[in-house]
Amino acid sequence: MRSPAMKSVRFGLAVFVCCLALTACSREYTLRGSAITSPKAAPAFTLTDHNGQPFRLSAQQGRVVLVYFGFTSCPDACPTTLSNLARVRRDLGSDAARVQVVMVSLDPERDSAEVLRNYVTAFDATFLGLRGTPEELAPVLKAYGVAAIKRKLPDSALGYTIDHTIYTYVIDPAGRLRETFSPDAATADVASDVRYLIRTGDS
Amino acid sequence: MRRHLAPLILLASIVVLSACSNANAPAIQVTEAWARAPGSAQAGEPAATPTAESMAHGMARPTGAAYMRIRNTTSAPDQLLLAQSDVAQSTEIHTVEVKNGVMAMRPVDRIEIPAKGEVVLKPGGFHVMLIGLTKDLKPGDRFSLTLHFEKTGNIEIQVEVRQP
Ligand SMILES: [Cu+2]
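Report on the accompanying structure. Since the model is a prediction, treat every value here as computed from it, not as a measurement.

All names here are of chain A. Turning to helix α4 (residues 134-144), its buried residues number three or more, namely Leu137, Val140, Leu141 and Tyr144. The arc that holds the buried residues of α4, viewed along the axis, is 100°, so those residues lie on one side. Exposed positions of α4 whose direction lies more than 90 degrees from the buried face are Glu135 and Lys142. Structurally, α4 contributes buried residues whose contacts are with β2 (46-49), β4 (64-70), β5 (99-105), β7 (148-153), β9 (168-171) and β10 (177-181). One or two residues past the end of α4 sits Gly145, with phi positive at roughly 70°.

Structure follows, in structure tokens:
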């Protein structure tokens, strides 16, 4: 015959083990964007920043790089994303120094260095706009799986627009592509992941 | 018979017209109008003057977008057909669609405001696109925008510029 005391000891033990297991699991951080299951080195690129300086992705090691592909006459996803990323940087406090946000222009024809600089720095003074010739851009877009389709708009004063992928690509301090976010991602989630990657992403 | 018809039509028209003008609530109500104009000018810096280089690229002046809530208090649908403002060279009505992570912006001919209903112009959907900003718009600035509706006619609203 088993005593009721014995039963409650066993039950207590079981609860204890479950709690241990749960805390162990909760220490494992889960990225909040669309995580890449086996992260590899982000495709390398060199483009020209809005100050006319070369921007090499490889030179950014040690920092989290948030890459967005857009254009300045984009009304919606581009300003929404850049405005959210500016908020992320504000929320990061001193960690913000280890984050670089770049917007690669998909419209080098209209986005002159000056137009691009005025645009991206309106969101955050540290943001960089990147430019390249169509020949320089094409392999970068392909490597990141970014769609950019120029559409003529004959009835619009814009003349044309560019249908484009609206994800933000998150590259960790070791230079690996870790995840993507859509423009409606919560800024708290982005900030949390960036903070995590700054702490752990070197190795 | 015809003689009697003319005054009757006239009377009916007057009744209808006065019914319209006597309505307490305006037919179309626009609230929460705001705009973003990123890159219009940097904070603390004068607006960038277009350079020969930027002019050569066809669109030296930046664009912006205005958003708002439009309510139709009448029992018939109305259509937003046009918008006009001094702050932009052209003003168009656009929508945005996202499919498989790809965003496409397209001009639309009209936005239907359903009877006793409302439409919200907001990021990710309809917007009034301000193409070629002629004024340096900073957060906190206000500008006027005229909306032209098929039935209601013109409505002038004030739009507040917000942080991009
Ligand atoms: Cu638009």
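Past the structure itself, the notes keep going.
All names here are of chain A. You can see Asp49 is positioned in strand β2. Put simply, Asp49 is tucked away with no salt bridge, and the nearest opposite charge, on Arg117, sits 7.6 Å away. A polar side-chain atom of Asp49 sits 2.7 Å from the main-chain amide nitrogen of Asn51. Look past the residues within four positions of Asp49 in its chain and what remains in contact with it is Phe55, Leu128, Gly129 and Leu130.

Below, the discussion takes up the sheet that holds strand β6 (residues 128-131) of chain A. Residue and element names in this part refer to chain A. Spatial strand order, β1-β10-β9-β4-β5-β6-β2-β3: eight strands in an open sheet with mixed pairing. Since the sheet does not close on itself, it has two edges, and those belong to β1 (34-35) and β3 (54-56), each with one partner. Of the strand pairs in this sheet, β2 and β3 are connected by three bridges, and their pairing is antiparallel. By the bridge assignment for β3, Thr48 is matched with Pro54. This element, α4, spans β2, β4, β5, β9 and β10 of the sheet and lies at about 110° to β4. Strands in contact with helix α5 (residues 187-200) are β4, β5, β9 and β10; relative to β10, the strand with the most contacts, it is inclined by about 170°.

Next up on the list: the coordination of the copper ion. Residue and element names in this part refer to chain B. Coordination of the copper ion by the protein is provided by His94 (ND1), Met105 (SD), His127 (NE2) and Met129 (SD), with metal-donor distances spanning 2.1 to 2.3 Å. Relative to the metal, the four donor atoms surrounding the copper ion lie at angles of 102 to 117°, and the coordination shape comes out tetrahedral. Every donor residue of the copper ion comes from the same chain, spaced as H-x10-M-x21-H-x1-M. Placement of the pair is His94 in strand β4 (residues 88-99) and His127 in strand β8 (residues 127-133), with a sequence separation of 33 residues. His94 sits in the buried class, given a relative accessible area of 0%. Given a relative accessible area of 0%, His127 falls into the buried group.

Of all hydrophobic cores here, the largest spans 61 residues; its most connected members are A:Phe69 and A:Tyr144. Looking at this core element by element, the count peaks at seven residues for helix α2 (residues 77-92) of chain A. Excluding residues that lie within four positions of it along the chain, A:Tyr144 makes contacts with A:Ala42, A:Pro43, A:Phe45, A:Leu57, A:Phe69, A:Tyr169, A:Ile171 and A:Leu177. Ranked by size, the runner-up nonpolar core spans 29 residues in total, among them B:Ala35, B:Ala37, B:Ile70 and B:Val87.

All names here are of chain A. Considering the arrangement of structural elements, one finds Asp184 in the loop between β10 and α5. Distance from Asp184 to Thr80, taken between C-alpha atoms, is 8.0 Å for residues 104 residues apart in sequence. A polar side-chain atom of Asp184 sits 2.7 Å from a polar atom in the side chain of Ser182.

Turning our eyes to something else, we now look at the interface of chain B and chain A. Opposite the 36 residues of chain B that make contact, chain A presents 35 residues. Summed over both sides, the interface between chain B and chain A buries roughly 2700 Å², with carbon and sulfur atoms accounting for 59% of that surface. Where chain B packs against chain A, one counts one salt bridge. We note a salt bridge from B:Arg106 to A:Asp163, for which the minimum N-O separation is 2.7 Å. Across the contact surface, chain B and chain A share eight residue pairs in polar contact (both at pLDDT 80 or more). For the side of chain B that touches chain A, the secondary-structure elements that each account for two or more residues are α2 (52-56), β2 (64-72), β4, β5 (102-107) and β8 of chain B. The greatest single-element share of the side of chain B that touches chain A, amounting to six residues, is contributed by β5(B). Taken together, the residues that form the side of chain B that touches chain A break down as 17 nonpolar, 14 polar and five charged. Across two bridges, the pairing between strand β8 (residues 159-165) of chain A and β5(B) is antiparallel. The partner of A:His164 across the bridge, within β5(B), is B:Met103.

Before going further, it helps to examine the state of the cysteines. A covalent bond bridging the sulfur atoms of two cysteines is what the word disulfide describes. All names here are of chain A. Going through the model one piece at a time under the given rule, you end up with one disulfide over all chains. Each disulfide pairs two cysteine sulfurs, and for Cys74 the partner residue is Cys78, the sulfurs being separated by 2.4 Å. Residues Cys74 and Cys78 are joined by a disulfide whose S-S torsion is about 100°; by sign, that bridge is right-handed. For Cys74, a relative accessible area of 3% puts it in the buried group.

What counts as what
- Counting from 1, residues in each chain are numbered in the order their sequence is written.
- Following the order in which they are written, the chains are lettered starting with A and the ligands numbered starting with 1.
- Totals for whole chains, interfaces and linings use all residues, but because this is a predicted model, local features are given only for residues with pLDDT of at least 70 and pairs of side-chain atoms are given and counted only at 80 or more.
- Hydrogens are left out, water is left out, and the side-chain values use all remaining heavy atoms of the structure.
- Working definition: with a 1.4 Å probe on protein chains only, accessible area under 20% of the residue-type maximum means buried, over 50% means exposed, and in between means partly exposed.
- Numbering of helices and strands runs from the N terminus, with a helix taken as a DSSP run of H or I at least four residues long and a strand as a DSSP run of E at least two residues long.
- It is the directions from the helix axis to the C-beta atoms that the arc portrays.
- Here a residue-residue contact requires only that any non-hydrogen atoms of the pair lie within 4.5 Å.
- We count Lys and Arg on the positive side and Asp and Glu on the negative side, and we leave His and both chain ends out.
- Put simply, a salt bridge is a Lys or Arg side-chain nitrogen that is within 4 Å of an Asp or Glu carboxyl oxygen.
- Polar contact is the term for a pair of N or O atoms within 3.5 Å; when the atoms are in protein, one must be able to donate a hydrogen and the other to accept it, and sequence-neighboring residues count only if both atoms are side-chain atoms.
- In this analysis, strands are considered paired if DSSP registers two or more bridges between them.
- Axes here refer to lines fitted to C-alpha atoms; in helices the fit is confined to the stretch in contact. Angles between the N-to-C directions go from 0 to 180 degrees.
- Metal coordination here is assigned from N, O and S atoms located within 2.8 Å of the ion, or within 3.2 Å for Na, K and Ca; omission of water means that sites may look incomplete.
- Note on geometry labels: four donors, all angles 85 to 135 degrees, give tetrahedral; four donors become square planar and six octahedral when opposite donors are over 155 degrees apart and every other angle is between 65 and 115; remaining cases are irregular.
- Nine residue types can take part in a nonpolar core, namely buried Ala, Val, Leu, Ile, Met, Phe, Trp, Tyr and Cys, and a core is a set of them joined through side-chain atoms within 4.5 Å.
- The term buried area means the drop in 1.4 Å probe accessible area that two parts suffer when joined, counted for both and summed.
- Amino acid classes used here: Ala, Val, Leu, Ile, Met, Phe, Trp, Tyr, Cys and Pro are nonpolar; Asp, Glu, Lys and Arg are charged; the rest, including Gly, are polar.
- Cysteine sulfur atoms that come within 2.5 Å of each other are treated as a disulfide pair.

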